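# Coordinate analysis (summary)
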Amino acid sequence: MFTKVETKLDLKLESKAEFVPTSPQKQPTSSRSRKSSQAYRETLNITEEKPPWRKLLYLKQPYADNYTDTSFLSQLKRNTTVAKYSYRHLVNDFMLIVFYISCILIVILVFVGIYANKWDPMSPTMASTIIILPSFLALRLYNASATHSSYISFNIKSYLLITFMLLIASPILKSLTKSTSSDSIWAISSMLCVANTLFYEYSAVQVYKPIISTNISLSNAIVLASRLNTTMDVFLFILFAIQINILLPLLDASLRSNMKLRNFHYFVMGTTFVVVNVCIWQLLNYQFLIYWLSTTLIILLLMPAYFLSLQRYKNELQGPWDIAKPKLSKNQ
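Residues numbered from 1 in each chain as written. Predicted model: local features only at pLDDT ≥ 70, side-chain atom pairs only at ≥ 80, totals over all residues. Heavy atoms only, no water.

## Some remarks on the overall build of the protein
Definition in use: Put simply, DSSP H or I for four residues or longer makes a helix, DSSP E for two residues or longer makes a strand, and each gets a number counted from the N terminus. For every residue, the accessible area (1.4 Å probe, protein chains only) is compared with the maximum for its type, and the residue is labelled buried under 20%, exposed over 50%, or partly exposed between those bounds. Contacts between residues were defined by any pair of non-hydrogen atoms, one from each residue, lying within 4.5 Å.
Check the secondary structure of the protein and you find ten helices and two strands. The linear arrangement of helices and strands in the protein, starting from the amino end, is α-α-β-α-α-α-α-α-α-α-α-β. Within the span of the protein, comprising 332 residues, buried residues form 31% of the whole. Here the contacts in the protein between residues at least 6 apart in sequence split such that 75% fall between residues at least 24 apart.

Here it is in structure tokens:
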């Protein structure tokens, strides 16, 4: 009996197994269809990509107005035109400030000697004429060639013409500020000396044209000379001021421009500094000499160090936003 039941169950299971639906097997895609689909995707990507951004205002591009491309700062440059200084070079440059202040002080101290201590103006004027004028003419002869001989003769004629005009205009200059108080004259002279120090061309070597400082020096000499007693004193003091404040810096600039004569530049500066110290010691007292030497040390030692310390704060940027500079050939 059990055997019959088992056989019936086996027959039913076999019949059900015959009617079980089998899942369809996926057919593997061929390599050709894959390549074609990949190529299609690449063509879609190419059509969707934007053209590279270009820095052209007139060109219509598919970008927003405030779009900033990653290549915009690729040409950024920093501190390309900033010069690098050395402490020794800065001290050498700041010596020119001390030199020109010394020239101004010599004129002021000689005026104090003539006005207060009754010095004879003939002595300092003759000394400056004997030293500066031949040195200036000798340097011009040394630097000039045959084509510049007329230029030297023109300088001599100009100097003689200016001297003659000063001699004629001395009576007028003497009474120029007769109605002005002495306090006003000292104040005007102080302001002119400060302006003269600020507007002098310290860095000019090749093209030396101190037009502003020359006019200020001449104005200061005329203002101070108007306080003197005689016409001859006025003429001699103005001539002395022209030689010290105009010809002596011009001589120094000529020495600086010539590498062979550069050592004479230091000799001129040293001599001028010594003359100022001697005049301060004789006319004033040791306290003013200490003040002057302290100021000189500050200008020569501390100011170059401070200027050099400020160089690390420079941050000059140059990029594609700057104005284009045309590059011209040297022949043009």
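## Considerations on the layout of surface pockets
Gaps between atoms show up when a probe of the same size as a water molecule is rolled over them. Operational definition: Using protein atoms alone on a 1 Å grid, points that fit a 1.4 Å probe yet trap it form a cavity, whereas open point sets bounded by protein on both sides within 12 Å along at least five of seven lines form a pocket; residues with an atom within 4 Å of a point count as lining. Grid points are joined across faces, edges and corners, and a volume is the space filled by probe spheres set on the points. Residues are grouped as follows: nonpolar covers Ala, Val, Leu, Ile, Met, Phe, Trp, Tyr, Cys and Pro; charged covers Asp, Glu, Lys and Arg; every other residue, Gly included, is treated as polar.
Approximately 660 Å³ is the volume attributed to the second largest pocket. Broken down by secondary-structure element, the contributors of at least two residues to the lining of the second largest pocket are helix H3 (87-115), helix H4 (122-143), helix H8 (231-257) and helix H9 (262-283). Along the lines of polarity and charge, the residues of the lining of the second largest pocket split into 22 nonpolar, five polar and no charged.

## Comments concerning the packing of aromatic side chains
Applicable threshold: Only Phe, Tyr and Trp rings are paired, with Trp represented by its six-membered ring, and only when their centres lie within 6.5 Å; those with planes under 30 degrees apart are stacked, over 60 edge-to-face, the remainder tilted.
Applying the stated rule across the entire model yields ten aromatic pairs. Between Phe111 and Phe237, the ring centres sit 5.5 Å apart and the planes meet at 55°, which makes this aromatic pair tilted. Here Phe111 is found in helix H3, whereas its partner Phe237 is found in helix H8, with 126 residues between them in sequence. You'll find Phe111 and Phe237 in the same group, each marked buried. Put simply, the rings of Phe111, Tyr115, Trp186 and Phe237 pair up and form one aromatic cluster.

## Some points on the pattern of salt bridges
Our working rule: What makes a salt bridge here is a side-chain nitrogen of Lys or Arg within 4 Å of a carboxyl oxygen of Asp or Glu, nothing more.
Taken as a whole and assessed by the stated rule, the structure comprises one salt bridge. A salt bridge links Arg256 to Asp252; its shortest N-O distance comes to 3.1 Å. With Arg256 and Asp252 both in helix H8 and four residues apart, the pair spans about one turn of that helix. Here Arg256 matches Asp252 in class, with each residue buried.

## Considerations on the confidence of the model for the protein
Under the convention used in this document: Summary of the metric used: pLDDT quantifies the predictor's per-residue confidence within the range 0 to 100.
For the protein, per-residue confidence averages 78 on the pLDDT scale, and 75% of positions sit at 70 or higher. Per-element confidence in the protein ranges from a low mean pLDDT of 44 for helix H1 (residues 2-18) to a high of 94 for H3. Confidence drops under a pLDDT of 50 for residues 1-29, and excluding neighbours within four residues, the segment shows one contact in the predicted structure. Confidence drops under pLDDT 50 across residues 146-154; counting only partners more than four residues distant or on other chains, this segment forms four contacts.

## Things to note about H9
Basically, it comes down to this: In this analysis, the expected span of each helix is defined as 1.5 Å times one less than the number of residues it contains. To obtain the arc, one takes the directions from the helix axis to the C-beta atoms.
Across its 22 residues, H9 extends 32 Å between first and last C-alpha, which sits within 8% of the 32 Å expected from 1.5 Å per residue. All of the buried residues in H9 are His265, Val268, Met269, Thr272, Val276, Asn277, Cys279, Ile280 and Leu283. The arc enclosing the buried residues of H9, seen along the axis, measures out at 165°, which places them on a common side. Among the exposed residues of H9, those oriented more than 90 degrees off its buried face are Asn263, Phe267, Trp281 and Gln282. Buried positions along H9 lie against H3, H8 and helix H10 (286-309).

## Focus: the nonpolar core
Note the threshold: Take the buried Ala, Val, Leu, Ile, Met, Phe, Trp, Tyr and Cys residues and link them wherever side-chain atoms come within 4.5 Å; each set so joined is a nonpolar core.
Membership of the largest hydrophobic core comes to 57 residues, with the highest contact counts inside it found for Phe237, Ile238, Ile244, Leu248 and Trp292. Listing elements by their share of this core, those giving two or more residues are H3, H4, helix H5 (149-174), helix H7 (211-225), H8, H9 and H10. Among all residues touching Trp292, those that are not within four sequence positions of it are Val98, Ile101, Ser102, Leu105, Phe273, Val276, Asn277 and Ile280. Membership of the second largest hydrophobic core comes to five residues, among which are Ile185, Leu192, Ala195 and Val223.

## A short note on the packing of H7 against H8
Quick note on the threshold: Axis lines are fitted through C-alpha atoms, for helices just across the contact stretch, and the angle between N-to-C directions can take any value from 0 to 180 degrees. An angle below 35 degrees is read as roughly parallel, one above 145 as roughly antiparallel, one from 65 to 115 as roughly perpendicular, and any other as oblique. By convention the crossing between two helices is left-handed if the near helix lies anticlockwise of the far one by an angle smaller than a right angle, and right-handed if it lies clockwise.
Contact geometry for H7 and H8: axes closest at 9 Å, N-to-C directions at 155°. Put simply, H7 runs roughly antiparallel to H8. The hand of the H7/H8 crossing is right-handed. Only Val234, Phe237, Ile238, Ala241, Ile242, Asn245 and Ile246 of H8 make contact with H7, whose side of the interface consists of Thr214, Ser217, Leu218, Ala221, Ile222, Leu224 and Ala225.

## Remarks on a nonpolar patch on the surface
Heads up, the condition is: Any residue with relative accessible area above 30% and no salt bridge may belong to a patch, with like charges joined within 9 Å and the nonpolar Val, Leu, Ile, Met, Phe, Trp and Tyr side chains within 5 Å. Areas reported as accessible are Shrake-Rupley estimates using a 1.4 Å probe. Residue values count occlusion only from the protein chains shown.
On the surface, Tyr85, Tyr87, Leu297, Ile298, Leu301, Leu302, Met303, Phe307 and Leu308 cluster together to form a nonpolar patch covering roughly 770 Å² of accessible area. The element that contributes the greatest number of residues to the nonpolar patch is H10, accounting for seven residues. For Leu308, the location among the structural elements is in helix H10.

## Regarding unusual backbone geometry
The phi angle at Lys118 is positive, at roughly 60°, despite the residue not being glycine. Here Lys118 lies in the loop between H3 and H4.

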